[in-house]
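Secondary and tertiary structure notes
Here's the letter readout for the chains.
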Amino acid sequence: MTTAYALYSGWPSVVPAWATAGGLAATLAIGAAAGLYPAVRASRLSPTEALATP
């Protein structure tokens, strides 16, 4: 978003490419882990148990 705003305003982007790539990679890894953990837990239960468990 910072780079897009800088380009829109005609300013040079000062955010290093490695920081952008690292942020994207961290977002994907954290999101995958946050979704995978509950899914694996629920897959070990019966469907009615999985839906009833908070």
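Residues numbered from 1 in each chain as written. Predicted model: local features only at pLDDT ≥ 70, side-chain atom pairs only at ≥ 80, totals over all residues. Heavy atoms only, no water.

1. Points about the overall build of the chain
Applicable threshold: Runs of E in the DSSP output that reach at least two residues are strands. Runs of H or I that reach at least four are helices, and both are numbered from the N terminus. Using C-alpha atoms as the atom set, the radius of gyration is obtained and then compared with a globule rule of 2.2 Å times the number of residues to the power 0.38. Only protein chains enter the accessibility calculation, which uses a 1.4 Å probe; a residue is then buried when its area is under 20% of its type maximum, exposed when over 50%, and partly exposed in between. Only the protein chains shown count as covering a residue, and every accessible area follows the Shrake-Rupley method with a 1.4 Å probe.
Per the secondary structure count, the chain includes three helices and zero strands. Helices and strands appear in the chain in the N-to-C order α-α-α. Its C-alpha radius of gyration of 19 Å places the chain more than 25% over the 10 Å reference for a compact globule of 54 residues. In terms of its C-alpha atoms, the chain occupies a principal-axis envelope of roughly 55 × 20 × 10 Å. For the chain, the residues scored as buried account for 2% of the 54 residues in total. By element, 73% of the accessible surface of the chain is carried by carbon and sulfur atoms, the whole surface being about 4700 Å².

2. Comments concerning a nonpolar patch on the surface
Counted only if it meets this: A patch consists of residues whose relative accessible area exceeds 30% and which take part in no salt bridge; residues with like charges are grouped when within 9 Å of each other, and nonpolar side chains (Val, Leu, Ile, Met, Phe, Trp, Tyr) when within 5 Å. Salt bridges, as used here, are contacts in which a Lys or Arg side-chain nitrogen is within 4 Å of a carboxyl oxygen on Asp or Glu.
A surface patch of nonpolar side chains, amounting to about 460 Å² of accessible area, comprises Tyr 5, Tyr 8 and Trp 11. Secondary-structure assignment places Tyr 5 in helix α1 (residues 2-9).

3. Some details on the confidence of the model for the chain
The cut-off we apply is this: Every residue gets a pLDDT, meaning the predictor's confidence in that residue, from 0 to 100.
For the chain, per-residue confidence averages 88 on the pLDDT scale, and residues scoring 70 or more make up 96% of the total. Predicted confidence in the chain is weakest over helix α3 (residues 47-52), with a mean pLDDT of 81, and strongest over helix α2 (residues 17-43), with 92.

4. Some points on the packing of aromatic side chains
Basically, it comes down to this: Ring pairs shown here join Phe, Tyr and Trp side chains whose ring centres sit within 6.5 Å, with only the six-membered ring taken for Trp; geometry is labelled stacked below 30 degrees between planes, edge-to-face above 60, and tilted in between.
One pass over the structure, following the stated rule, counts one aromatic pair. Ring plane angle 75° and centroid distance 5.6 Å describe the contact between Tyr 5 and Trp 11, whose orientation is recorded as edge-to-face. On the accessibility criterion, Trp 11 (48% relative accessible area) is partly exposed.

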